[in-house]
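Letter by letter, the chains look like this.
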Amino acid sequence: MNKIQQLRRLNLPIMAALLGLLGLGVLFIYSAAFSVSDHGGMPLYQKQMAWIAFGFVCFFVFALTDYHALAKYAWLLYALGIVLLLLVFAPYIGVKMYGARRWIQLMGVRFLQPAEFMKIAFVILAVRLFGYPGRNVRRLRYVFLGVALTLLPVLLIMKQPDLGTALIFFPVLLAVMFTAGVPGRVILCFVAAGLLAVMLVAAFVLVPPRLGMEEQEHRRLLGGIGISAYQRERIMVFFDSGRDPLGSGWNKAQSQIAVGSGGLLGKGFMRGTQNILGFLPRTVTPTDFVFSVIAEETGFAGAMLVLLLFGLLLYGMLRSAFLAADKMGMLLCAGLMTMLFCHIFINMAMTIGLMPITGIPLPFLSYGGTFMVTSMCALGITQSVHIRGDWR
Amino acid sequence: MTLIQITDREKTRLIVLALIVLSGLGLLGLAIWFIQLGQGHFYRASQEQQSVRRVRLPAIRGKIFDRNGVCMADNHPDYGIAIYLEELRRSDKRKQTSQKAWALIRQLALVLDLEPQTSLKQINAHLYSRKALPLLAWRHIGPGTMARFAENQMEFPAADITFDARRVYPQGAAASHLIGYVDSVKTAEDETEQYHYYLPDLEGKRGVEKIYNKQLAGTAGGRLVRIDASGYKHDEESLLSPVPGTDLRLSIDLRIQKAAENAVADTSGAVVLLDVLSGDVIAMASSPAYDPNVLSSAMSTATWQAIISDERKPLFNRAVSGLYPPGSTFKPLVALAALIQGKAGADTFFFCDGCYELGGRTFSCYHGEAHGRVDLVSALELSCNVFFFQLGLQCGYDAIYHSAMAAGFGEKTGIDLDGEASGFLPSKAWKRQARGAPWCDGDTCNVSVGQGDLLVTPLQMAVFTATIANGGRLFRPRLATGLRPYGQKDFEPIPPVLERDLHWPAAQLALVREGMRRVIGEPSGTGHLAALPDVVMAGKTGTAEFGRKGSRQNHSWMIIFAPYENPKYAVAMVVDEGVSGGISVAPRLRRLMEEVFSAEGAEG
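Calculation rules
- Residues numbered from 1 in each chain as written.
- Chains lettered and ligands numbered in written order.
- Predicted model: local features only at pLDDT ≥ 70, side-chain atom pairs only at ≥ 80, totals over all residues.
- Helix = DSSP H or I, 4+ residues; strand = E, 2+ residues; numbered from the N terminus.
- Buried ≥ 20, exposed ≤ 12 C-beta atoms within 10 Å, placed from the backbone.
- Contact = placed C-beta atoms within 7 Å.
- Pairing = 2+ DSSP bridges.
- Axes fitted to C-alpha atoms, helices over the stretch in contact; angles between N-to-C directions.
- Nonpolar A, V, L, I, M, F, W, Y, C, P; charged D, E, K, R; others polar.
- Core = buried A, V, L, I, M, F, W, Y, C linked by C-beta atoms within 7 Å.
- pLDDT = per-residue confidence, 0-100.
- Parallel < 35°, antiparallel > 145°, perpendicular 65-115°, else oblique.
- Left-handed = near helix turned anticlockwise from the far one by under 90°.

### Thoughts on the overall build of chain A
Logical step 1: Each helix and strand in chain A was counted, giving 16 helices and three strands.
Logical step 2: Here chain A holds 392 residues, and the buried ones make up 50% of them.
Logical step 3: Counted over contacts in chain A with a minimum sequence separation of 6, partners at least 24 positions apart contribute 70%.

Rendered as structure tokens:
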């Protein structure tokens, strides 16, 4: 198969959904960043278009590369990811912004979020672990190895701190193990453990103040189990929407108002009052709350269009998984699909108040260079599987 | 690399994964449906609540004109310099913005050569509570300042000229007691909830400005100001334009009003001139007066203190609020009461030797003058007390009381002015209750010459005079004769109100009128000093004593209606301190009536 023949076998639902989402994304980043006075630099939507262009390059490189080659270098990619995650903490190279070390800079230019790169490397390694020929995935050693290999990047990312991103890794691992055929009881144990962890955290955050524990004391207790003060606030705000409306409760309340006031058809492009008047936090609206802007300005109709495009995208990825030529291809598609789905679900649920506020971006819509390239790579790999899939 | 085939078990699991994804997206869809369509109204309300401020815009007040269309109350633009804070803001920090505004104000102060009228503290307060509105840095700026500002405006993009309506009384102190004045009100209780920002309205505090405040005020409008998350103005849209107030036409004639004011300007007192055929107040003056312009604009505390602590009470409208014993000007009423009851006639006479003994007390004529044998007409002409003591006793107090009540004594006339006093007409029952003593003949004698407990206002006397002049029809005196709602070309006339027809028999009334004619027309009449060469007038003087025995002072009265044959005007004047009505008031009224008829001649 030459390159042209390969490109004829691209997964079309994915391509259609991708183009639709990218178009919407640029449009509403333009709207969301319009009122932000730029400091002479390139407007945000133009930067996003540049990243999209670069993302397409990566997309085609991965689409035209046999995905088995990736599996071959899985360990190398993973090790590279860990090194990059460590570099975040290195002086001069790691950059601290908004109280978190998420970026690596080179010559003073921020250019990479290692955690984003790690998402791809991690999926590839998980697939290698559970999809490599000759593996009996029923044996628990692979499960334990998988958990250990997940915990390493998770802990590093939590150290940044970026709890939201760190928590993406578990459902991805779970999805890969599940599709790979790891026994149901093991999976159930994982799900139960996850639910228990969530309940424990919620209990630790919510119960002591009810019992009259001092705030200082409570913070120290939570600090002991790795929950910082602002995470505590976000969780408390999630359970009590009236809490601190001008402080930590602001983003949640304003995002809900933005979505809720959109109505059926929205307020019109660039006419979203929550957006234009700055009630949505200006600094993070193009990244974390771009869906709020879309929902406010295009209403229920626009929100459903976004949901349908994502549905089409995920459908395309699942179809690629079904039609994959081998188990490794199927697992790759399933893992990457789960990775994107987690982002979509967490981000959208957060903007409408179904989940606590986390800095998880919305694939293809949110502004963000590294994540755009990561998402495009994910689709490129999926296309690589599809092109080489077992179908005519 | 060997390929591993995908097993059915793995495909089943893939389907389960697909179902989980589908249900996740379905959950999101349901949640969005609920929040956008189910609870949309709630979020829209929250959104509006936090980003929209309603500003109430006061309406331009209606103007007030005299009967000839001369403007008595007008609105002038009051220019100011406003600072638009949203232009100054660089960061969300309030402190920096207020510093910037303060720096700008000081800079402007240098360029415009003005003292800052705003303090840093006020700027901070404004940023705290009224951030969406411009900050008014200077009010009441003059044309020179405006010109200097216009020259330098390019340097100050955050500042601009604004204007406000200021109430102006072009005629100054003329008719000040009638027009009243306005002041700004901060809140109107029933309306404030609708608006976040309430620009103050002007509200009439006295006079017709107060009585017709509702019509003059117009209907306030509103404006929506959209604010951003920091509370600064983003843009604004008009919600409702204010509707200017209704113009008011008064019955007064400015030229005659000024003549009336001049007539009492050198003393303290009051004069009321009515149109006898409608009750229209053509002039009403109270002295001393005040300039309403001083009270309406930014008045200093010292000015206000000076006005309210003035012993001569310039704010007090003596014409409607002043209470005086009417003295002899009440005698026509006593004469009428006796005539109507048939207790007296043209041939009734009494003998006057200057004083009258009753129950050990002596009641005397003015200066103890003895008038000899007097009949009713000459008793009026000469103002003989002794005649009226006896006439009153012969008539009986009940008849006097009922006639006086019918003629409107002891009750408000109902004029469209604030602060009207009702006067006091003593009754037998009142005396028993208040004094614990029965009504005695001495009381009847006192009231018969307008003394004792009887109190009237100058307006009541003018109305009574007009009623005699027009044959017994009691009109309610009034100031407003027309209203012109905004946008209309002509005034809608307000019809005069006839309170009641007293049905005074013409023959008897003629006797009283003849007596009153002689007061002025005969050289022996007490009011002869009021006589004009070419107009026959009728009237009655009065000198009422007040104060304790030993330090008694006189209120000097005179009432006039004219011309005698076809009366048009009725006038009552009182001067707080004077020798007597005939000496202190009659010359003043002559000058006033001269003016009235010459003005009439000029018109005709």
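### Focus: the overall build of chain B
Logical step 1: Along chain B, the regular secondary structure elements total 22 helices and 24 strands.
Logical step 2: Considering only residue pairs separated by 6 or more positions, chain B has 72% of its internal contacts joining residues 24 or more positions apart.

### A closer look at the sheet that holds strand 12 (residues 269-275) of chain B
Residues and elements named next belong to chain B.
Logical step 1: If you trace the five strands from one edge of the open sheet to the other, you get 13-12-24-23-22, paired in antiparallel fashion. Either end of the sheet is taken by a strand with one partner, and the two such strands are strand 13 (281-287) and strand 22 (538-546). For this sheet, the mean inter-axis angle between neighbouring strands, taken without regard to orientation, is 10 degrees.

### Digging into the interface of chain A and chain B
Logical step 1: Listed per partner, the contact involves 43 residues of chain A and 38 residues of chain B.
Logical step 2: Listed by contribution, the elements that provide at least two residues to the side of chain A that touches chain B are helix 8 (163-180), helix 12 (250-260), helix 13 (273-276), helix 14 (290-323) and helix 15 (327-351) of chain A.
Logical step 3: With 12 residues, the top contributor of residues to the side of chain A that touches chain B is helix 14 of chain A.
Logical step 4: Its residues assigned to classes, the side of chain A that touches chain B shows 28 nonpolar, 13 polar and two charged.

### A look at helix 14 (residues 331-340) of chain B
Residues and elements named next belong to chain B.
Logical step 1: The element helix 14 is extensively covered by neighbouring structure, given that 10 of its 10 residues are classed as buried.
Logical step 2: Every buried residue of helix 14 is listed here: Lys331, Pro332, Leu333, Val334, Ala335, Leu336, Ala337, Ala338, Leu339 and Ile340.
Logical step 3: Positioned one or two residues after helix 14, Gly342 has a phi angle of 75 degrees, which is positive.

### Concerning the environment of Asn262 of chain B
Residues and elements named next belong to chain B.
Logical step 1: Within the fold, Asn262 resides in helix 10 (residues 254-264).
Logical step 2: With 15 C-beta atoms packed within 10 Å, Asn262 lands in the partly exposed category.
Logical step 3: Along the sequence, Asn262 and Ser287 sit 25 residues apart, while their C-alpha atoms lie 9.2 Å from each other.

### Thoughts on the pairing of strand 24 (residues 569-575) of chain B
Residue and element names in this part refer to chain B.
Logical step 1: By the criterion of burial, strand 24 is predominantly enclosed, with seven of the seven residues buried.
Logical step 2: Both faces of strand 24 are covered, namely the face carrying Tyr569, Val571, Met573 and Val575 and the face carrying Ala570, Ala572 and Val574.
Logical step 3: Examined bridge by bridge, strand 12 and strand 24 share seven bridges and lie antiparallel to one another. Residue Leu273 lies in a different strand from strand 24, and its bridge partner there is Val571.

### Examining the nonpolar core
Logical step 1: Grouped together as the largest cluster of nonpolar side chains are 146 residues, with contacts concentrated most on Val172 and Val176 of chain A.
Logical step 2: At 17 residues, the largest contribution of residues to this core is made by helix 15 of chain A.
Logical step 3: With residues up to four places along the chain from it excluded, the contact list for Val172 of chain A reads Phe122, Val123, Ala126, Gly335, Thr338, Met339 and Cys342 of chain A.
Logical step 4: Residues Phe65, Val463, Ile560 and Val596 of chain B belong to the second largest nonpolar core, which totals 122 residues.

### Remarks on the confidence of the model for chain B
A low pLDDT means the predicted coordinates there should not be read in detail.
Residues and elements named next belong to chain B.
Logical step 1: Looking at chain B as a whole, its pLDDT mean stands at 88, while 94% of the residues score no less than 70.
Logical step 2: Per-element confidence in chain B ranges from a low mean pLDDT of 68 for strand 7 (residues 197-198) to a high of 97 for helix 20 (residues 458-469).
Logical step 3: Here the predicted complex carries an ipTM of 0.93, next to a pTM of 0.69.

### Details of unusual backbone geometry
Logical step 1: In this model, Ser287 of chain B is joined to Pro288 of chain B through a cis peptide bond whose omega is 0 degrees.
Logical step 2: Mapped onto the fold, Pro288 of chain B is located in the loop between strand 13 and helix 11 (292-296).
Logical step 3: Backbone torsion omega between Ala562 of chain B and Pro563 of chain B reads -10 degrees, so that peptide bond is classified as cis.
Logical step 4: On the secondary structure map, Pro563 of chain B appears in the loop between strand 23 (553-562) and strand 24.
Logical step 5: Here the phi dihedral of Phe364 of chain A falls at roughly 70 degrees; this positive angle occurs in a residue that is not glycine.
Logical step 6: Note that Phe364 of chain A resides in the loop between helix 15 and helix 16 (369-387).
Logical step 7: The phi dihedral of Asp113 of chain B falls on the positive side, at around 60 degrees, and the residue is not glycine.

### Thoughts on the packing of helix 2 (residues 12-33) of chain A against helix 3 (residues 44-64) of chain A
Pairs of packed helices are described in terms of their axes, by the angle between the two and the distance that separates them.
Residues and elements named next belong to chain A.
Logical step 1: Contact pair helix 2 / helix 3: the axes reach a minimum separation of 8 Å and the direction vectors enclose 155 degrees. Classified by the interaxial angle, the pair formed by helix 2 and helix 3 is roughly antiparallel. Taken as a pair, helix 2 and helix 3 cross one another with a handedness that is right-handed. On helix 3, the residues that touch Leu22, Gly25, Val26, Ile29, Tyr30 and Ala33 of helix 2 are Leu44, Tyr45, Gln48, Met49 and Ile52.
Logical step 2: When its residues are assigned to classes, the contact of helix 2 with helix 3 shows nine nonpolar, two polar and no charged.

### Concerning the environment of Cys445 of chain B
Logical step 1: Tracing the backbone shows Cys445 of chain B in helix 19 (residues 441-448).
Logical step 2: Sequence spacing of Cys445 of chain B and Tyr397 of chain B is 48 residues, and the spatial spacing of their C-alpha atoms is 9.0 Å.

### What to know about the confidence of the model for chain A
Logical step 1: Taken residue by residue, chain A gives an average pLDDT of 88. The fraction at 70 or more is 96%.
Logical step 2: Mean pLDDT across the elements of chain A bottoms out in strand 3 (residues 109-112) of chain A (73) and peaks in helix 14 of chain A (96).

### Some thoughts on the environment of Arg249 of chain B
Residue and element names in this part refer to chain B.
Logical step 1: Mapped onto the elements of the fold, Arg249 is located in strand 11 (residues 247-250).
Logical step 2: Judged by C-beta crowding, with 23 C-beta atoms within 10 Å, Arg249 ranks as buried.
Logical step 3: Note: C-alpha distance between Arg249 and Arg67 (182 residues apart in sequence) is 6.3 Å.

### A look at the packing of helix 12 of chain A against helix 2 (residues 40-51) of chain B
Logical step 1: Taken N-terminus to C-terminus, the directions of helix 12 of chain A and helix 2 of chain B make an angle of 120 degrees; their axes are 8 Å apart at the nearest point. Classified by the interaxial angle, the pair formed by helix 12 of chain A and helix 2 of chain B is oblique. Handedness of the crossing formed by helix 12 of chain A with helix 2 of chain B: left-handed. Only Gly40, Phe42, Tyr43, Ser46 and Gln47 of chain B of helix 2 of chain B make contact with helix 12 of chain A, whose side of the interface consists of Gln256, Ile257 and Gly260 of chain A.
Logical step 2: Its residues placed into classes, the contact of helix 12 of chain A with helix 2 of chain B shows three nonpolar, five polar and no charged.

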